[in-house]
Amino acid sequence: MAAAGALKGAAWSSQSWRNRSIRFAVGLAFADASIVVLALPQIVGELNTTISHSTWVIMSYNLALIAGVVAFLAFARQLSSRRALLAGLTLFGLASIGCAVADSLETLVAARCVQGAGGALVLCASLPLLAGASRPGESPTAGWAAAAAIGAAVGPAAGGLLTQAFDWRAIFVAQAPAT
């Protein structure tokens, strides 16, 4: 009887860990939409561009994220949510490294588009996975929405802290291992 209780506790713990990991990934995807806002002046200076052109660093991610979600939802039922999440995290992490080493605005914007595509995969795959990892009585959509709201709120502050302590590239260096 005690062994069955221990197995049940281990299953809940594993399920809880999975739930938290998925929520973290959702928060990261939403944080990235605004994390570079406070870094734009440094990006302008270092990449020798204008503030109006540097806004593409934010817009490219958001546009790729939106377009990617719409595109991926069309065939999401045919994909394994777990594989889509892992592919999204891998794509997001590799693109973060690309952003960190970008030596031109064009390269940075292209890498941000790839990040947005990875983020779209994460967002599309996360809700079905959260539904499978939620405890009875928990709302997977409430958990997803909370993670999204927290990520969106934390993004600018985290970006500002990293930019202030290091430089704008630190934002992307910190994201890569998080995925």
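Below is a summary of the structure that appears in this document. (Residues numbered from 1 in each chain as written. Predicted model: local features only at pLDDT ≥ 70, side-chain atom pairs only at ≥ 80, totals over all residues. Heavy atoms only, no water.)

**What to know about the packing of helix α5 (residues 81-100) against helix α6 (residues 105-133)**
And step 1. Between α5 and α6, the least distance of the axes is 7 Å, while the angle of their chain directions is 155 degrees. With respect to each other, α5 and α6 are oriented roughly antiparallel. Read as a crossing pair, α5 and α6 show a hand that is left-handed.
And step 2. Of the residues contributing to the contact of α5 with α6, the split by class is 17 nonpolar, seven polar and two charged. (Axes fitted to C-alpha atoms, helices over the stretch in contact; angles between N-to-C directions. Helix = DSSP H or I, 4+ residues; strand = E, 2+ residues; numbered from the N terminus. Parallel < 35°, antiparallel > 145°, perpendicular 65-115°, else oblique. Left-handed = near helix turned anticlockwise from the far one by under 90°. Nonpolar A, V, L, I, M, F, W, Y, C, P; charged D, E, K, R; others polar.)

**A look at unusual backbone geometry**
And step 1. Residue Asn48 is not a glycine yet carries a positive backbone phi of 50 degrees.
And step 2. Exposure remark for Asn48: the relative accessible area of 72% places this residue in the exposed category. (Buried < 20%, exposed > 50% of the residue type's maximum accessible area, 1.4 Å probe, protein only.)

**Notes on the layout of surface pockets**
And step 1. Taken as a whole, the largest pocket spans an internal volume of roughly 250 Å³.
And step 2. Together, 18 residues line the largest pocket, and Phe24, Gly27, Leu28, Ala31 and Val154 are the ones closest to its centre.
And step 3. By residue number, the principal contributor to the lining of the largest pocket is helix α7 (residues 140-165), which donates eight residues.
And step 4. Considered class by class, the residues forming the lining of the largest pocket number 13 nonpolar, four polar and one charged. (1 Å grid on protein atoms, 1.4 Å probe; cavity = no way out; pocket = protein on both sides within 12 Å on 5 of 7 lines; lining within 4 Å. Points joined across faces, edges and corners; volume = space filled by probe spheres on them.)

**Thoughts on the pattern of salt bridges**
And step 1. Following the criterion strictly, the structure yields two salt bridges and no others.
And step 2. The closest approach of N and O atoms between Arg112 and Asp32, which form a salt bridge, is 2.5 Å. In this pair, Arg112 is assigned in helix α6 and Asp32 in the loop between α1 (2-31) and α2 (40-46), connecting sequence segments 80 residues apart.
And step 3. Given the relative accessible area of 0%, Arg112 is considered buried. (Salt bridge = Lys/Arg side-chain N within 4 Å of Asp/Glu carboxyl O.)

**Some words on the state of the cysteines**
And step 1. The final tally for this structure, using the stated rule, is zero disulfides.
And step 2. This cysteine, Cys113, is not joined by any disulfide, and Cys99 carries the nearest cysteine sulfur, 9.4 Å off.
And step 3. Given a relative accessible area of 32%, Cys113 falls into the partly exposed group.
And step 4. The cysteine Cys124 is free of any disulfide, with Cys113 supplying the nearest cysteine sulfur at 17 Å.
And step 5. Residue class for Cys124 comes out buried when judged on its relative accessible area of 14%. (Disulfide = S-S within 2.5 Å.)

**Digging into the packing of helix α4 (residues 56-74) against α6**
And step 1. Close contact between α4 and α6 brings their axes to 7 Å; oriented N to C, the two are set at 35 degrees. As α4 packs across α6, the resulting crossing turns out to be right-handed.

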